[in-house]
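A look at the structure
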Amino acid sequence: MANKFRARRSMLVGAGAIAGCFARTPAAALAADTAPDDARKTAAGKMMNVEQALDVLYFGVANVRDPKFSGGAKGCGVGDDTAAFEAALATGKRVYVPAGRYNISRTLIVPQPGGLVGDGMTQSILNSKVIAGSLITTAAPDGAQNSLIQDLQLNGNGLIGAKGNGHALNFIDPVLNAGAWAPQGMVVQRLWIRNFRGNESRNHVHAPIMAAGVICVQGLQNVFRDIIVHNCGHGFYLDSTQTNKLVNCVAFLCDKAGIFTYKTVGTLIEQCDIVGNGASGTTDAAYPASDLGMANIIASFDENLTISRTKVKNSNGQAQLYLKQCYGTVISENWIRSDIDRARAIVVNNGIKALNCPGLKIKDNTFSCVLAAGTIGQPVKAKHVNLVTPSRVDGFSFTFTGNTFVTQPGLLTEYSLCVESTGGFTNCEFSGCIIDGNRFGTPLVVRSPIVHDDGILVRNCSFTYSRITNNVFYAQANVIRKRGVSGTNLSACNNLDIRDNLFKQDGGKISENYNGLLYPTRRLGRGTFASPHLESGAVVTTTLPVSNAVCGEPVQAFFGTPVPGVILSAWVSAAGMVTVQAFNPTQAVLNFDSANIGVIVSRMSDAEAD
């Protein structure tokens, strides 16, 4: 129905737009239409013209340019159109905002239900003249529900501090911590929000923060989609919300975070483009939690947060995605770039930094990086994913699966994945962790030298009941990997399953596959016996080097080609050394001159031995 309305309106109204002001359309001169008489009566009892009747028949809205609403908004970009908007909103109907530029000097309050609907984000433009206050908010006591705001451009004055505008869309529950969560069921879509950089409270009580394009506090089941937020204090700010969605949204060049979530439940961020936010590098003093740093996306104390199919890059903070004490977060199928940017004084930050986030799932993402080059004393190094417990909190578990790290020419990398505890603690426990099926580098041609220090680095913690399996480390021409899987200063490493990782050198170099206490669950050694024949009842032995073999670990011995009748046994006789014994219990001489021997040393923890 709305499409039909717009098609008819484009013929009747569209031609009337000239310069910036809009002349009366030919519709006003038409003498008749097909609407019944009772549908064509205005509130004053006068007959409607065609334009007014179409509003009723096809949109069921109040048109802010109708003269009955305080004389009608002019939409010329001059004067003040606030009264016409307030009068139209007071009808409780959905308010239609035809193409034009409207100056708004007081906060517009959207009733329940209701809304504001324009002709498009480049056509229907609301200029905020509200200083230190919101442009659009919801009504008390329980806010708007099931309302629609769409197809508008919201403009601020771009000023910071006391002369700047407050939030563009203020969805802070009018009655916090009481009654229904509000707003509920709002659909907000196809908006362009820009230049809201002043100050306003984050919840009607606390000191101001920098203004947000969209702020929602204690809202429920609202949908924000196809929204562009540009050059604001924050992009999207969500606090204590439930099951809100941000879909196909853009936040770029905002002073603070592009997306900030705090104590939310079931937030979905999908197919968004979050780029170049956080230029200030710090959070505001009035934030709900301290030490949140700065990033393109900041999440703290959230439950069941999902970030998927989103592009994130160019943050002037400590990470592109910064998570603190979130539970059950899923980060999947995103493109994330860890920044080293010479244009911003060599900013080095992680793609993802997560502190104390049990149940974290990072899967099927692609990690990239800009070239590590600049003017400081020595080349800087990329750091992609950092999973941290900064205190004695135990039980940080995660899965890290199916991710790809793109190899960039000329890039220096400190680590692709680092799991660690900080703050001087070394006994903080990571347990139940899975690092599986990731690709560190790609087989693509690299035209300038690259050095990677560590692919997977685990340090300064206890890392138990976990596995590192089925990962691939590439080293093609011009690529040097110092260490594939590395452990440093680990207080315990029992119950680990580390196996079936592929280290593929194709013109490049991998100096060490495994380093430190992190070595494969199963290690292989090969060799031969000095004597090719074994007399009846005889016993011969030989020793084979096996990296990281520890006395007491079980060993399995085998011939490369079966030799019937020989009994093989093997044991770790010294650190890194296995002794193999062959016994001939038969009455005949046995020949194994063409059979190589092999051993598999398996790691077994104290718990498994029990």
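See the structure printed just above.
Right, let's walk through the structure included here. All values reported here derive from a predicted model rather than from experimental measurement. (Residues numbered from 1 in each chain as written. Predicted model: local features only at pLDDT ≥ 70, side-chain atom pairs only at ≥ 80, totals over all residues. Heavy atoms only, no water.)

**Quick notes on the side chain of Arg65**
Our working rule: Comment: elements are numbered from the N terminus, with helices defined as DSSP H or I runs of at least four residues and strands as E runs of at least two. Buried, partly exposed and exposed residues are distinguished by accessible area as a fraction of the type maximum, computed with a 1.4 Å probe on protein chains only: under 20%, between the cut-offs, and over 50%, respectively. Pairs of N or O atoms within 3.5 Å make up the polar contacts considered here, provided that, within protein, one atom can donate a hydrogen while the other can accept it, and that residues adjacent in sequence are counted only when both atoms are side-chain atoms.
One can find Arg65 in the loop between β1 (61-63) and α3 (82-90). Looking at Arg65, the relative accessible area reads 18%, which means it is buried. Side-chain polar atoms of Arg65 contact the backbone oxygen of Ala99, separated by 3.3 Å.

**Section: the sheet that holds strand β54 (residues 597-602)**
Heads up, the condition is: Strand pairing follows a simple DSSP-based rule, namely that at least 2 bridges must link the two strands. For helices, the axis comes from a line fit to the C-alpha atoms of the stretch in contact; other axes are also lines fit to C-alpha atoms, and the angle between any two N-to-C directions lies between 0 and 180 degrees.
Judged by pairing direction, the sheet is antiparallel, and its 3 strands sit side by side in the order β47-β54-β50 without closing on themselves. Strands with a single pairing partner mark the edges of an open sheet, and in this sheet they are β47 (522-527) and β50 (555-559). Pairs of neighbouring strands in the sheet enclose a mean axial angle of 20 degrees, with direction left out of account. The pairing of β50 with β54 spans 5 bridges and is classified as antiparallel. Bridge pairing in β54 links Phe559 to Ile597.

**A short note on the pairing of strand β42 (residues 472-476)**
Counting buried positions over the 5 residues of β42 gives 5, a clear majority of the element. Pairing of strand β38 (residues 439-440) with β42, which is carried by 2 bridges, proceeds in the parallel orientation. What sits directly across from Phe440, in β42, is Phe473. Relative to strand β45 (residues 502-506), β42 runs parallel, the two being bridged by 5 bridges. Paired with Gln476 across the bridge in β45 is Asp506.

**Concerning the sheet that holds strand β51 (residues 567-574)**
Taken in spatial order, the 3 strands make up an open sheet running β49-β52-β51, and their pairing is antiparallel. At either margin of the open sheet sits one strand with a lone partner, and together these are β49 (539-545) and β51. Each neighbouring strand pair of the sheet contributes to a mean axis angle of 25 degrees, computed without reference to strand direction. Summarising the sheet, β51 and strand β52 (residues 577-583) pair through 7 bridges and their orientation is antiparallel.

**Overview of the nonpolar core**
The cut-off we apply is this: Only buried residues count toward a nonpolar core, which is a set of Ala, Val, Leu, Ile, Met, Phe, Trp, Tyr and Cys residues joined through side-chain atoms within 4.5 Å. We call two residues contacting when some pair of their heavy atoms lies within 4.5 Å.
If you look at the biggest cluster of nonpolar residues, it comprises 94 residues, and the most contacted ones within it are Leu126 and Ile193. The contacts of Ile193, once residues within four sequence positions are left out, are Leu154, Ala168, Leu169, Gly213, Val214, Ile227, Ile228, Val229, His230 and Cys232.

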